[in-house]
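Structural features, examined
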Amino acid sequence: MSFARYIARGELARALDDMARGRVTYAPRREGDAVVFRPRAEGEEPLLARATVPPKGVIFPQSERLFAFIREKDPNDPGHTTVRLDSTVDIEPALIFGARPCDARGFHIFDRVYLNGPHRDPYYAARREATVVVTLACTKAGSTCFCHWTGCGPADTTGSDILLTPVGVGNDAGFVAVAVTERGGAVLERANLPEADTARADAAQAVHAATHAALEAQSPAPDLSATPARLLERFPDTGFWRDMSDKCLSCGACTYLCPTCYCFNITDENDGGDGMRGRRLRSWDNCMSSLFTREASGHNPRMGKALRLRNRVGHKFSYYPQLHEGVVSCNGCGRCITGCPVSVDIREMVVRATEANEETPNA
């Protein structure tokens, strides 16, 4: 499925209304200094700015109820209790508008774990199936962007259903919209848009090429083919990881802003206080938290922040690729760098870890 339509700039809100009919639309909205994805009202002119926070929460909520539980005593045997579960989940059809290609690629990383792994996650699967992702190709390389390092790119379509590319200026400004998937095509057809002519399709390709060239000029992509193996070699080099984590505050902001981080915790909450009814919740968790790996015995194999940072970098650039056909669990969006209060830069860690070891690891 691949065809292109043209959306004049002044027609964007109307076209989006048509495409999102019957769905809750999530689009970027400015809140204070941040740009976040929020439900959009019909007719609302969408903000085209790159969001501070990725839209992963639409499909993988920051906190969600998995099921409710009710304990019931047997009236003939009060010592015997049965548990009844209510796993009804209300999933609304949704459309994400204005995600960037790196954001959509994040869902592809999730898919490999929650859809195609040994344990299919029904909650994620239901929301993923019910959500159309409309991405907006990047026209400017941010100072912390490095998507071209990780197999992604400013016009990557991985994880998207529709890709929009801004073309033209002034009265001729608009978007070339390409249907990437069948459901994206079905949604795009609803907007009753003209075909994108050859000149506009060529203009979109030129935008893609120019942005990619700007990224390369700003930060040439290094050869990371040896990185998975080199990171494993660096694993016992605690001196290296202490050096890399010296200024890290272990606050976990990098993980919450990351479109590819998918760790969670499970907790039970009681309704009332008698423990007879309540709910089981799943909430985001992060490997930079000191309690993330604490075991029931009290032992914590990653008590130090250096060990936690080693795991974070190793997972994205070594463990995950080795399990998933070389796919890196990082999309190079750079939010972990811009959002870090002390500017820890994952690019520096990856490059230095990939370099040939100059010293014998001090395991």
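Residues numbered from 1 in each chain as written. Predicted model: local features only at pLDDT ≥ 70, side-chain atom pairs only at ≥ 80, totals over all residues. Heavy atoms only, no water.

1. Topic: the pattern of salt bridges
Counted under the stated rule, the structure contains 27 salt bridges. Across the salt bridge formed by Asp345 and Arg347, the nearest N and O atoms sit 2.9 Å from each other. By the burial criterion, Asp345 is buried, and Arg347 matches it. Between Glu348 and Arg352 there is a salt bridge, with the nearest N and O atoms lying 3.7 Å from each other. Of the two residues, Glu348 and Arg352 are both situated in helix 12 (residues 346-354); the distance of four residues between them amounts to about one turn of the helix. What makes Glu348 partly exposed here is its relative accessible area of 40%. When salt bridges with common partners are traced through the structure, they connect Glu11, Arg14, Asp18 and Arg21 into a single cluster. (Salt bridge = Lys/Arg side-chain N within 4 Å of Asp/Glu carboxyl O. Buried < 20%, exposed > 50% of the residue type's maximum accessible area, 1.4 Å probe, protein only. Helix = DSSP H or I, 4+ residues; strand = E, 2+ residues; numbered from the N terminus.)

2. Things to note about unusual backbone geometry
Even without glycine at this site, Glu325 takes up a positive phi of about 55 degrees. Assignment of secondary structure puts Glu325 in the loop between helix 10 (305-323) and helix 11 (335-338). Judged by its relative accessible area of 71%, Glu325 is exposed.

3. Considering the nonpolar core
By size, the foremost hydrophobic cluster in this structure holds 24 residues, and its most contacted members are Trp241, Val313, Phe317, Ile346 and Met349. Sorting the residues of this core by element identifies helix 8 (238-245), helix 10, helix 11 and helix 12 as the ones contributing at least two each. Apart from residues lying up to four places away in sequence, Trp241 is in contact with Leu231, Arg234, Phe235, Ala306, Leu309, Arg310 and Val313. (Core = buried A, V, L, I, M, F, W, Y, C linked by side-chain atoms within 4.5 Å. Contact = heavy atoms within 4.5 Å.)

4. Considering the packing of aromatic side chains
Under the criterion given, the structure shown has 10 aromatic pairs. Both rings, one in Phe240 and one in Trp241, keep their centres 5.0 Å apart while their planes meet at 85 degrees; by these two values the pair is edge-to-face. Residue Phe240 is classed as buried on the basis of its relative accessible area, which comes to 6%. Clustering of aromatic rings is evident, with ring pairs tying together Phe60, Phe110, Tyr114, Tyr124 and Tyr262. Seen from the ring of Tyr114, Arg282 lies directly overhead, with NZ or CZ sitting 6.0 Å from the centre. One Lys or Arg, Arg282, reaches over the ring of Phe264 and ends 5.0 Å from the middle of that ring. (Phe/Tyr/Trp six-rings, centres within 6.5 Å; stacked < 30°, edge-to-face > 60°. Lys NZ or Arg CZ within 6 Å of the ring centre and 35° of its normal.)

5. Brief notes about the pairing of strand 2 (residues 24-31)
In the sheet, strand 2 pairs with strand 6 (residues 94-99) via three bridges, with the strands oriented parallel. The partner of Tyr26 across the bridge, within strand 6, is Ile96. Pairing of strand 2 with strand 3 (residues 34-39), which is carried by six bridges, proceeds in the antiparallel orientation. Its bridge partner being in strand 3, Arg29 is matched across the sheet by Val36. Two successive antiparallel strands, strand 2 and strand 3, enclose a turn made up of two residues, where Gly32 displays a positive phi of approximately 65 degrees. (Pairing = 2+ DSSP bridges.)

So, to be careful, I would describe these as geometric facts and stop short of saying anything about function.
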